[in-house]
Amino acid sequence: MGSITYRPVTDDEYPAFARALFEGFSDDVPDDDFSDLLKTILPPERTLAAFDGDTIVGTFAGYDLDLTIPGGSLPMEGTTVVTVFPTHRRMGLMNEMMRLHLEDSVANGYAIAGLWASDSAIYGRYGYGVATYAETVTMISPNVVFREGVVIDRVRRVSVEEAAVELPPIFDMVLPTKPGMFARTQDWWSVEVLHDASWRRRDKTTLRVVVHDGADGPDGYAIYRQKGGEGDDGHANGTVHVVEVIAATDRAHASLWFYLTNIDGCPNVRRWNFPVDDPFPMKVREPRKLTREKRFDALWILVLDVVAALEARTYEREGAIRFTIVNSFRSETDGSYELVIEGGVGSCRRIDGDTALEIDIDVLGALYLGGGDAHAYAAADRIRGEAEVTRRLDELFRTARAPWCNQFF
Ligand SMILES: CC(C)(COP(=O)(O)OP(=O)(O)OC[C@H]1O[C@@H](n2cnc3c(N)ncnc32)[C@H](O)[C@@H]1OP(=O)(O)O)[C@@H](O)C(=O)NCCC(=O)NCCS
């Protein structure tokens, strides 16, 4: 084994980069076109690879994402494709790639970085904290009966080609209303959302799309796949796998879920990445019939620039707080800060000396979008200091609605 070098990959090295990252995730590259798809949304300058000689033994990259935060949006470094070859694990390659990646993120002006973690043990050490949660929800559709008074409309089926035109404006209506969602470019829509190659299906059907038309035009859509099947009793026992439901109105939301739970032959309905505060359970007669199979950590956030990040979001309460940040991976954000909120807008500055509250940097990331629970972190000794100041921190950072990240990346 020679010495390891680190650099972005060239155009020619994309196939090897793709092979390495899939092998890192214990899989094979799905097809020869994959590296071209990857290049569309991940240009060479956003990649980083570890080389042993000429061989790629580690992969890393960053998407340029625009994240919805309370009151606005903020560019986010979307950390992704983190792998190290099994032959080179536990030699510090990821540590070094993360160091280089974050150095680059800061140089590029990002105040936050975010990722979805394949393993929840890995990223806390680098300062990423769990900022959004989601659920896997399953139901048997005949059990899902909507309450009286919930208005349901028919929805309209569209092709994937039509969806490419119709869905982005609907998504863009909802995007600013939900912290944790990130904007989609046209390339992102075609490569990550509506790209329907056979390897994406994993034994299910092609993508199906329905649109809800409201009084002012299309205002909601659902994307799903199906998997047919027959039970032991000979009855159809298929499954609807819901990929995404985006609704700008309550009426669109109810109509889309009514549709998805009334497809003949498919009594099983499964939604991965269901928002924790989705109103669907409140619209049905028996909410317990929506089974929460799993609650999982979704978007993790790392605050790279405390002042810029805290001034970018808005707040639902007025007040001031002083706190000290502890960051064991990047000492640049260590130190004390004061945040003063007036008229919902935060003004943040570095201050000298200690404060009554010490917060680990990953916890600041967890609280950033308004969904974290400061009291629970204090109970775990990840926020240290006076209970009264922890209560104020919780009150100032919390938002009425839970954040939710629309897509794994
Ligand atoms: C996760 C992975 C990238 C780690 O790479 P690596 O080069 O072996 O990691 P390093 O040697 O730099 O170790 C970094 C630190 O993380 C720890 N660590 C690494 N992988 C870990 C894991 N899976 N669970 C817990 N700790 C882990 C190491 O012990 C080390 O800790 P230390 O700095 O306190 O000593 C590699 O194991 C991998 O490719 N796994 C499969 C793909 C994957 O899960 N990627 C994450 C995608 S979100």
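What you see is a predicted model, and the numbers here were worked out from it, not measured in a lab.

What counts as what
- Residues numbered from 1 in each chain as written.
- Predicted model: local features only at pLDDT ≥ 70, side-chain atom pairs only at ≥ 80, totals over all residues.
- Helix = DSSP H or I, 4+ residues; strand = E, 2+ residues; numbered from the N terminus.
- Rg over C-alpha atoms; globule rule 2.2 N^0.38 Å.
- Buried ≥ 20, exposed ≤ 12 C-beta atoms within 10 Å, placed from the backbone.
- Contact = placed C-beta atoms within 7 Å.
- Pairing = 2+ DSSP bridges.
- Domains from an automatic or database assignment.
- Nonpolar A, V, L, I, M, F, W, Y, C, P; charged D, E, K, R; others polar.
- Axes fitted to C-alpha atoms, helices over the stretch in contact; angles between N-to-C directions.
- Parallel < 35°, antiparallel > 145°, perpendicular 65-115°, else oblique.
- Left-handed = near helix turned anticlockwise from the far one by under 90°.

**Brief notes about the overall build of the protein**
Secondary structure summary: the protein contains 11 helices and 19 strands in total. Relative to the compact-globule value of 22 Å for 409 residues, the protein shows a C-alpha radius of gyration of 23 Å, a close match. Summarising its shape, the C-alpha atoms of the protein cover approximately 70 × 55 × 40 Å along the three principal directions. Burial analysis of the protein (409 residues in total) assigns 38% to the buried set. Within the protein, residue pairs in contact and separated by at least 24 positions form 72% of the contacts whose partners lie at least 6 positions apart.

**Points about the sheet that holds strand 4 (residues 72-84)**
Spatially, 1-2-3-4-5-14-6 is the arrangement adopted by the seven strands of the open sheet, whose pairing is mixed. Two strands in the sheet have a free side with no partner beyond their single neighbour: strand 1 (4-7) and strand 6 (129-130). Across six bridges, the pairing between strand 2 (residues 47-52) and strand 3 (residues 55-69) is antiparallel. Bridge assignment links Thr47 to a residue of strand 3, and that residue is Ala61.

**Thoughts on the domain arrangement of the protein**
For the protein, the assigned domains read domain 1 (4-110), domain 2 (134-295) and domain 3 (306-397). If you average the C-alpha positions of domain 1 and of domain 3, the two centres end up 30 Å apart. Between domain 1 and domain 3, the contact holds six residues from the first and seven residues from the second. Among the residues forming the side of domain 1 that touches domain 3, the class breakdown is four nonpolar, two polar and no charged.

**Focus: the packing of helix 2 (residues 34-41) against helix 5 (residues 186-193)**
Here helix 2 crosses helix 5 at 150°, and the two axes come no closer than 9 Å. Considered as vectors, helix 2 and helix 5 are oriented roughly antiparallel to each other. In the packing of helix 2 onto helix 5, the handedness of the crossing is left-handed. Side by side, helix 2 and helix 5 meet where Leu37, Thr40 and Ile41 of the first sit next to Asp187, Trp188, Val191 and Glu192 of the second. Within the contact of helix 2 with helix 5, the residues separate by chemical class into four nonpolar, one polar and two charged.

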